[in-house]
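Residues per chain, in single letters:
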Amino acid sequence: MTDVKIRRALLSVFDKTGLVELGRALAGHGAELVSTGGSATALRAAGLEVRDISELTGFPEMMDGRVKTLHPKVHGGLLAVRDDPAHAASMEEHQIGAIDLVVGNLYPFQQTVARGAGRDEVIENIDIGGPSMIRSAAKNHAYVAIVTDPADYASFIAELDRTGGATTLETRKRLAGKAYAATAAYDAAIADWFAMVDQGEAFPSAMSIPLKRQQPLRYGENPHQQAAFYAYAGGGLRGIGQAEQVQGKELSYNNYNDADAALELVSEFRDAGPSVVIVKHANPCGVATGATLREAYEAAFACDSVSAFGGIIAVNRPLDGPTAEAIASIFTEVVVAPGADADARAVFAAKRNLRLLISGDLPDPARSGFAMKSIIGGFLVQSRDAGRIGRNDLTVVTKRQPTDQELADCLFAWTIAKHVKSNAIVYAKDGATAGIGAGQMNRLESARIAAWKARDAADKAGWAQARTIGSAVASDAFFPFADGLLAAAEAGATAVIQPGGSIRDDEVIAAADAAGLAMIFTGMRHFRH
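Residues numbered from 1 in each chain as written. Predicted model: local features only at pLDDT ≥ 70, side-chain atom pairs only at ≥ 80, totals over all residues. Heavy atoms only, no water.

### Considering the overall build of the chain
Item 1. Helices and strands together make up the secondary structure of the chain, namely 19 helices and 23 strands.
Item 2. For 529 residues, the compact-globule estimate of 2.2 N^0.38 gives 24 Å, and the chain exceeds it by more than 25% at 30 Å.
Item 3. C-alpha atoms of the chain, sized along the principal axes, occupy 95 × 50 × 40 Å.
Item 4. Of all 529 residues assigned to the chain, the portion counted as buried reaches 49%.
Item 5. Of all intrachain contacts in the chain linking residues separated by at least 6 positions in sequence, the fraction that spans at least 24 positions is 56%. (Helix = DSSP H or I, 4+ residues; strand = E, 2+ residues; numbered from the N terminus. Rg over C-alpha atoms; globule rule 2.2 N^0.38 Å. Buried < 20%, exposed > 50% of the residue type's maximum accessible area, 1.4 Å probe, protein only. Contact = heavy atoms within 4.5 Å.)

### Considering the side chain of S422
Item 1. Tracing the backbone shows S422 in the loop between α16 (404-417) and β19 (425-429).
Item 2. Engagement of the side chain of S422 in a polar contact is seen with the side chain of D476, the distance being 2.6 Å. (Polar contact = N/O pair within 3.5 Å; in protein donor to acceptor, adjacent residues only side chain to side chain.)

### Re the sheet that holds strand β2 (residues 8-12)
Item 1. Ordered in space as β4-β3-β2-β5-β6, the five strands form an open sheet in which the pairing is parallel. Unpaired on one side and paired on the other, β4 (51-52) and β6 (145-147) mark the two borders of the sheet.
Item 2. Judged from the two bridges that link them, strand β3 (residues 32-35) and β4 form a sheet pairing that is parallel. Bridge pairing links S35 to D52 in β4. (Pairing = 2+ DSSP bridges.)

### A short note on helix α17 (residues 443-461)
Item 1. With 19 residues, α17 extends 27 Å between its outermost C-alpha atoms, agreeing within 8% with the 27 Å of an ideal straight helix rising 1.5 Å per residue.
Item 2. Restricting attention to buried positions, one finds in α17 the residues R443, L444, S446, A447, A450, A451, A454, A457 and A458.
Item 3. Structurally, α17 contributes buried residues whose contacts are with α12 (293-303), β19, β20 (432-437), β21 (472-475) and α18 (482-490).
Item 4. A distance of 3.2 Å separates the backbone nitrogen of L444 from a side-chain oxygen at the start of α17, and that oxygen is part of N442. (Expected span 1.5 Å × (residues − 1).)

### Points about the side chain of E159
Item 1. Structurally, the position occupied by E159 is in helix α9 (residues 153-163).
Item 2. The residues contacting E159, other than those within four sequence positions of it, are A166, T167, T168 and T171.

### Observations regarding the packing of helix α1 (residues 19-28) against helix α2 (residues 37-45)
Item 1. Remark: α1 packs on α2, axes separated minimally by 10 Å, with the N-to-C direction vectors making an angle of 70°. In terms of orientation, α1 lies roughly perpendicular with respect to α2. Judged by the twist between their axes, the crossing of α1 over α2 is right-handed. Residues L19, V20 and G23 of α1 lie in contact with α2, whose contacting residues are S39, A42 and L43.
Item 2. Counted by class, the contact of α1 with α2 contains four nonpolar, two polar and no charged residues. (Axes fitted to C-alpha atoms, helices over the stretch in contact; angles between N-to-C directions. Parallel < 35°, antiparallel > 145°, perpendicular 65-115°, else oblique. Left-handed = near helix turned anticlockwise from the far one by under 90°. Nonpolar A, V, L, I, M, F, W, Y, C, P; charged D, E, K, R; others polar.)

### Some remarks on the pairing of β3
Item 1. Here four bridges tie β2 to β3, and the two strands are oriented parallel to one another. Of the residues in β3, the one forming a bridge with A9 is L33.
Item 2. Handedness of the crossover is the feature at issue here: the chain leaves β2, passes through α1, returns alongside β3, and the resulting connection is right-handed.
Item 3. Crossover handedness for the path β3 to α2 to β4: right-handed. (Right-handed = clockwise from strand over helix to strand, strands pointing away.)

### So, the environment of D84
Item 1. With respect to the helices and strands, D84 occurs in the loop between α4 (72-79) and α5 (85-93).
Item 2. C-alpha of D84 to C-alpha of A179: the two residues are 95 residues apart in sequence and 25 Å apart in space.

### Looking at unusual backbone geometry
Item 1. Across the junction of S422 and N423, the peptide omega takes the value -5°, indicating a cis bond.
Item 2. Mapped onto the fold, N423 is located in the loop between α16 and β19.
Item 3. At A282, a position not held by glycine, the phi torsion is positive, near 70°.
Item 4. The residue A282 is located in the loop between β11 (275-280) and β12 (283-289) in this model.
Item 5. For A282, a relative accessible area of 11% translates into the label buried.

### As for the pattern of salt bridges
Any two side chains of opposite charge can pair, given that their charged atoms come close.
Item 1. Counted by the stated rule, this structure contains 21 salt bridges.
Item 2. In this structure, the salt-bridge partner of K178 is D149, at a minimum N-O distance of 3.1 Å. On the criterion of sequence distance, the pair formed by K178 in helix α10 (residues 169-198) and D149 in the loop between β6 and α9 is long-range, its members being 29 residues apart.
Item 3. Taking the relative accessible area as the measure of exposure, K178 reaches 31% and is therefore partly exposed.
Item 4. Linking D304 and K453 is a salt bridge whose minimum nitrogen-to-oxygen distance equals 2.7 Å. Placement of D304 in the loop between α12 and α13 (305-308) and of K453 in helix α17 is noted, with a sequence separation of 149 residues between them.
Item 5. Its relative accessible area of 9% is what places D304 among the buried residues.
Item 6. Residue K453 is classed as partly exposed on the basis of its relative accessible area of 22%.
Item 7. Several salt bridges share partner residues, and in doing so they unite R8, E32 and R51 into one network. (Salt bridge = Lys/Arg side-chain N within 4 Å of Asp/Glu carboxyl O.)

### Focus on the nonpolar core
Item 1. Core analysis: the biggest nonpolar cluster contains 45 residues, and I240, V336, I416 and I497 have the highest contact counts within it.
Item 2. Per element, the largest residue contribution to this core is eight residues, and it comes from α16.
Item 3. When neighbours within four sequence positions are excluded, I416 is seen to be in contact with L265, F269, P284, V287, V426 and T433. (Core = buried A, V, L, I, M, F, W, Y, C linked by side-chain atoms within 4.5 Å.)

### A word on the packing of α1 against α9
Item 1. Relative orientation of the contacting elements α1 and α9 amounts to 10°, with a least axis distance of 10 Å. Comparing their axes, α9 and α1 come out roughly parallel. From α1, L19, E21, L22, A25 and L26 reach across to α9, where they touch Y153, F156, I157 and L160.
Item 2. For the contact of α1 with α9, the residue count by class is eight nonpolar, no polar and one charged.

### Observations regarding the state of the cysteines
Item 1. For the structure shown, the criterion picks out zero disulfides.
Item 2. We note that C303 lacks a disulfide partner, and the nearest cysteine sulfur, in C285, lies 7.3 Å from it. (Disulfide = S-S within 2.5 Å.)

### Topic: a nonpolar patch on the surface
Item 1. Taken together, F203, I209, L211, Y230, Y232, F370, M372 and F379 make up a surface patch of nonpolar side chains, about 830 Å² in accessible area.
Item 2. Elements with a minimum of two residues in the nonpolar patch: β9 (227-232) and β16 (370-375).
Item 3. Classification of F370 as partly exposed rests on a relative accessible area of 37%. (Patch = residues over 30% accessible without salt bridge, like charges linked within 9 Å, V, L, I, M, F, W, Y side chains within 5 Å. Areas by Shrake-Rupley, 256 points an atom, 1.4 Å probe, with all protein chains shown as cover.)

Below, the structure written as structure tokens:
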């Protein structure tokens, strides 16, 4: 079986985008239109002749529309193998006419959940008849076409025009696969809602995550790897994948990964003053707050001007012209901002390869959700690290109390350390990073690397001393020995913030006291592997 002429089409959709245009095309090629409820009303309002599903089945729609397409004259017309003599005999005996096309999309379950509807309304938006028809048509794609996405209507109409009202087997196979993906994602969203929301299971016995391919990517982390970006089909939270790309080349796999890291970190400062984050290879290399975005950018850039080249920048305020000019002075891959004024857009327009992403409102850093990591044979799943601390959560464990400025710098450094790959050490002073040590196998080396980078930054900027002098230092996990803390003291740090909890805490506290440091315990760790 190859081409199949569409003589009868069943159209039953919730999303009526493009429905009338498709109906006209089908009618123009001689297809009988059968429809239900609102779909039939919309088609008739456009002047098209439509047969009610109740006329086809001989039964009225009943139970508030819950039962209308669940009938042998519908599913028999979809599932019959047309060249099977026994199937043909059954169709003749029971007066079942063949249905050559189903156009269907489903009740808006995910959207209903997303807007916070009550349980009864959520349950009513679980579609039963729609998935059943879709699955029946998709199974019998040798004879029946199934269209579930309005985005496919234009190409489908083009095929009808090219074939004189028929569908090709290749098209039916492709659409069948897409239909099963749609019902699988739909069922996954329902299953997850029942388990996680309705029943309150944080980690249900089975987990399904509905994803929809949003964009094929040129390649993955490396050119020999294939890649694509998939968005969560349940909708809701906006992120990098939902940002408006104003200009620039397509985002790569690494662009997505780094821009996400930048957005996650800058969101920590969404209620703070003007703040700028510069990220390279998913690690922040410079972060600062300032009186203006430009001042914040210049302070963040000064932390590590070498790594900032080819970096990803995120800001917590709409981008202005002066800041855009400063950013455009070096090669930058991606800039993420809640908005951008006309001056900023004009500056970036001269940088054709720079990607400008408008994120809209920054996400809530304290939101719930999952973080996943693939391993051989499965996935590790955990709640996302939404942990945050304030001044009332801190315990000063040294003889010397931190000054107000040291305390502010400790909290600033701590916020950034949460987003640095472990082992993480972050020096900060006056609302700007001074040096960042990331991803080392021991904490001492991270402390030394961060201090070395601070000295290098001072040399490049022509400063009299590194900004680690008089700084606060944050460690994402406890110091297992005093050596890392002493390295920070040697770099000029005067205050330390760390989780505490080591069996050698007393030894580390004694070393801090001997060095005249103020040290704070948070009781919270921020490993990021």
